[in-house]
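# Summary of structural features
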Amino acid sequence: MTESKRVLLAEPRGYCAGVDRAVETVERTLDKHGAPVYVRKEIVHNRHVVETLAERGAIFVGETDEVPEGAIVVFSAHGVSPEVHRSAAQRSLRTIDATCPLVTKVHQEAKRFARDDYDILLIGHEGHEEVEGTAGEAPSHIQLVDGPDAVDKVVVRDESKVIWLSQTTLSVDETMETVRRLRERFPELNDPPSDDICYATQNRQVAVKAMAPDCDLVIVVGSKNSSNSVRLVEVALQNGASAAHLVDYAREVDPAWLEGVRTVGITSGASVPEVLVRGVIDFLAEYGFDTVEKVSTAEETLTFALPRELRPARTAK
């Protein structure tokens, strides 16, 4: 008798509250104002989402100077620096800010500690849009620490006035290793007032950690430029999965990956619509993986209100 093949399906996975809000912001803006609606950078880091919104009339641009004067521009979930806001104002652009509230929280922390003249060590990936936006809040006070190996290069003015902040989509384990090394160098290092790595990033990593030891293969649905999706592949491999791969679509799954495999884990990054996960599940069913078991480690109920410009008008009583 052949051993049955099964899928372990991580919960939670997919859309977080910030992504849901950002995508809906573009959809509602298109409904309200009609096409085209300009979006600075990708609204979220997912190919399918960006392509779907582009079909509806969203035009994705690199910078605000590509937007016609006076037009509407939506800022992505990753946040922007004050310089981008100034640039948009100079062009009389009508801005709608879809920055995730959890990213905004990190911006506020950066401004607060810069006002108090701290050296701020921002743990994150160089070139990531979120890091550029946060660093832009206080460029003279912030230096980027791109992982544990970058710690030795850090220079501070006063070791008693140093604090670390972080990009919201990092690996929790790697970030804490970076903090550990920073604290070895700077024993008086201050922690952020509350967790900077977002609840959804942490929850998705915890779910992958729970299922990885039982998996011959983990498939993470997500785009290559999605920091939190890439981290899920790393977390799966670090916690016992024999193999792990990142795919945007089911068609990218290589049947050769399935040879000799009995248990496949599936999860998805925080900017991935569930339809893409269903596609992978259906694909695997064609190869005999027809038993799906859920691995649930948390329940998410958080939601964020839409930007003020898109909320329904209150009716007078």
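Here we summarise the structure given alongside this text. (Residues numbered from 1 in each chain as written. Predicted model: local features only at pLDDT ≥ 70, side-chain atom pairs only at ≥ 80, totals over all residues. Heavy atoms only, no water.)

### Some points on helix α7 (residues 199–211)
Here is the rule we go by: Where helices and strands are cited, they refer to DSSP runs of H or I of at least four residues and of E of at least two residues respectively, numbered from the N terminus. Take the number of residues in a helix, subtract one, and multiply by 1.5 Å to get its expected span. Categorising residues by exposure relies on relative accessible area from a 1.4 Å probe, with only protein chains included: less than 20% of the type maximum marks a residue as buried, more than 50% marks it as exposed, and the intermediate range marks it as partly exposed. Contacts are assigned to residue pairs with any non-hydrogen atoms lying within 4.5 Å of each other.
Between its terminal C-alpha atoms α7 stretches 19 Å, which fits the 18 Å expected from 13 residues at 1.5 Å a residue. Within α7, burial applies to Ala200, Thr201, Asn203, Arg204, Gln205, Ala207, Val208 and Met211. Buried positions along α7 lie against β1 (6–11), α6 (172–185), β9 (217–221), α8 (227–238), β11 (263–268) and β12 (291–296).

### Some words on the nonpolar core
As a reminder of what qualifies: Nine residue types can take part in a nonpolar core, namely buried Ala, Val, Leu, Ile, Met, Phe, Trp, Tyr and Cys, and a core is a set of them joined through side-chain atoms within 4.5 Å.
Grouped together as the largest cluster of nonpolar side chains are 26 residues, with contacts concentrated most on Val26, Ile43, Val44 and Val74. Of all the elements, helix α1 (residues 17–33) adds the most residues to this core, at five residues. Setting aside residues no more than four positions away along its own chain, Val26 makes contact with Val39, Ile43, Leu53, Ala58 and Val74. Leu217, Tyr249, Val253 and Val277 belong to the second-largest nonpolar core, a separate cluster that totals 21 residues.

### Considering unusual backbone geometry
With omega at 0 degrees, the peptide bond leading from Glu11 into Pro12 counts as cis. If you trace the backbone, Pro12 turns up in the loop between β1 and α1. In the segment running from Ala35 into Pro36, the intervening peptide bond is cis, with an omega of -5 degrees. Note that Pro36 resides in the loop between α1 and β2 (37–40).

### Brief notes about the pairing of β11
Side chains on a regular strand alternate between the two faces of the sheet. Formally: Note on pairing: DSSP must find at least two bridges between two strands before they are called paired.
Among the six residues of β11, six are classified as buried, and the element is accordingly described as predominantly covered. As judged from the four bridges shared by β1 and β11, these two strands associate in the parallel manner. Bridging from a neighbouring strand, Leu9 pairs with Ile266 of β11.

### Here we look at the packing of aromatic side chains
Geometry of an aromatic ring pair is reported as the spacing of the ring centres plus the angle between the planes. Selection rule: Aromatic rings from Phe, Tyr and Trp, taking only the six-membered ring of Trp, are treated as a pair when their centres fall within 6.5 Å; an angle between ring planes under 30 degrees marks them as stacked, one over 60 as edge-to-face, and anything in between as tilted. Two thresholds decide whether a charge sits over a ring: the Lys NZ or Arg CZ must be within 6 Å of the ring centre and within 35 degrees of the ring normal.
With the rule as written, the count across this model stands at two aromatic pairs. With 5.4 Å between their ring centres and 85 degrees between their planes, Phe113 and Tyr118 make a pair best called edge-to-face. Measuring from centroid to centroid gives 5.2 Å for Phe283 and Tyr287, while their planes differ by 35 degrees, and the two rings are tilted. We classify Tyr287 as partly exposed; its relative accessible area is 35%. The ring of Tyr249 has Arg251 lying over it, and the distance from NZ or CZ to the ring centre is 4.2 Å.

### A few points about the pattern of salt bridges
Opposite charge on two side chains permits pairing when their charged atoms draw close. In plain terms, the rule: The term salt bridge refers to a side-chain nitrogen of Lys or Arg lying within 4 Å of a carboxyl oxygen of Asp or Glu.
Throughout the structure, instances matching the rule amount to 25 salt bridges. One salt bridge in this structure joins Arg180 and Glu184, with 2.6 Å as the shortest N-O distance. With Arg180 and Glu184 both in helix α6 and four residues apart, the pair spans about one turn of that helix. Residue Arg180 is classed as partly exposed on the basis of its relative accessible area of 41%. The salt bridge partner of Arg278 is Glu274, with a shortest N-O separation of 3.7 Å. In this pair, Arg278 and Glu274 both sit in helix α9 (residues 274–285), four residues apart, roughly one turn of the helix. On the basis of relative accessible area, Glu274 is assigned to the partly exposed category, the value being 31%. One continuous salt-bridge network, built from bridges that share partners, spans Glu11, Arg13, Glu274, Arg278 and Lys294.

### Section: the environment of Leu276
Positionally, Leu276 belongs in helix α9. It is 20 Å that separates the C-alpha atoms of Leu276 and Ala77, two residues lying 199 residues apart in sequence. When sequence neighbours within four positions are dropped, the list of residues in contact with Leu276 reads Asn46, His48, Val221, Asp248 and Tyr249.

### Considerations on the sheet that holds β1
What holds strands together in a sheet is hydrogen bonding between their backbones, with the strands either parallel or antiparallel. This is how it is decided: Each axis is a line fitted through C-alpha atoms, and for a helix only the stretch in contact is used; angles between axes span 0 to 180 degrees, taken between their N-to-C directions.
In spatial order, the strands read β10-β9-β11-β1-β12; together these five strands make up an open sheet with parallel pairing. Of all the strands in the sheet, the pair left with one neighbour each is β10 (244–247) and β12. Along the sheet, successive strands turn relative to each other by an average axial angle of 25 degrees, direction set aside. Pairing geometry for β9 and β11, over five bridges, is parallel. Note on β11: the bridge partner recorded for Ile219 is Ile266. Across the sheet, α7 touches β1, β9, β11 and β12, and the angle it forms with β11 is around 180 degrees.

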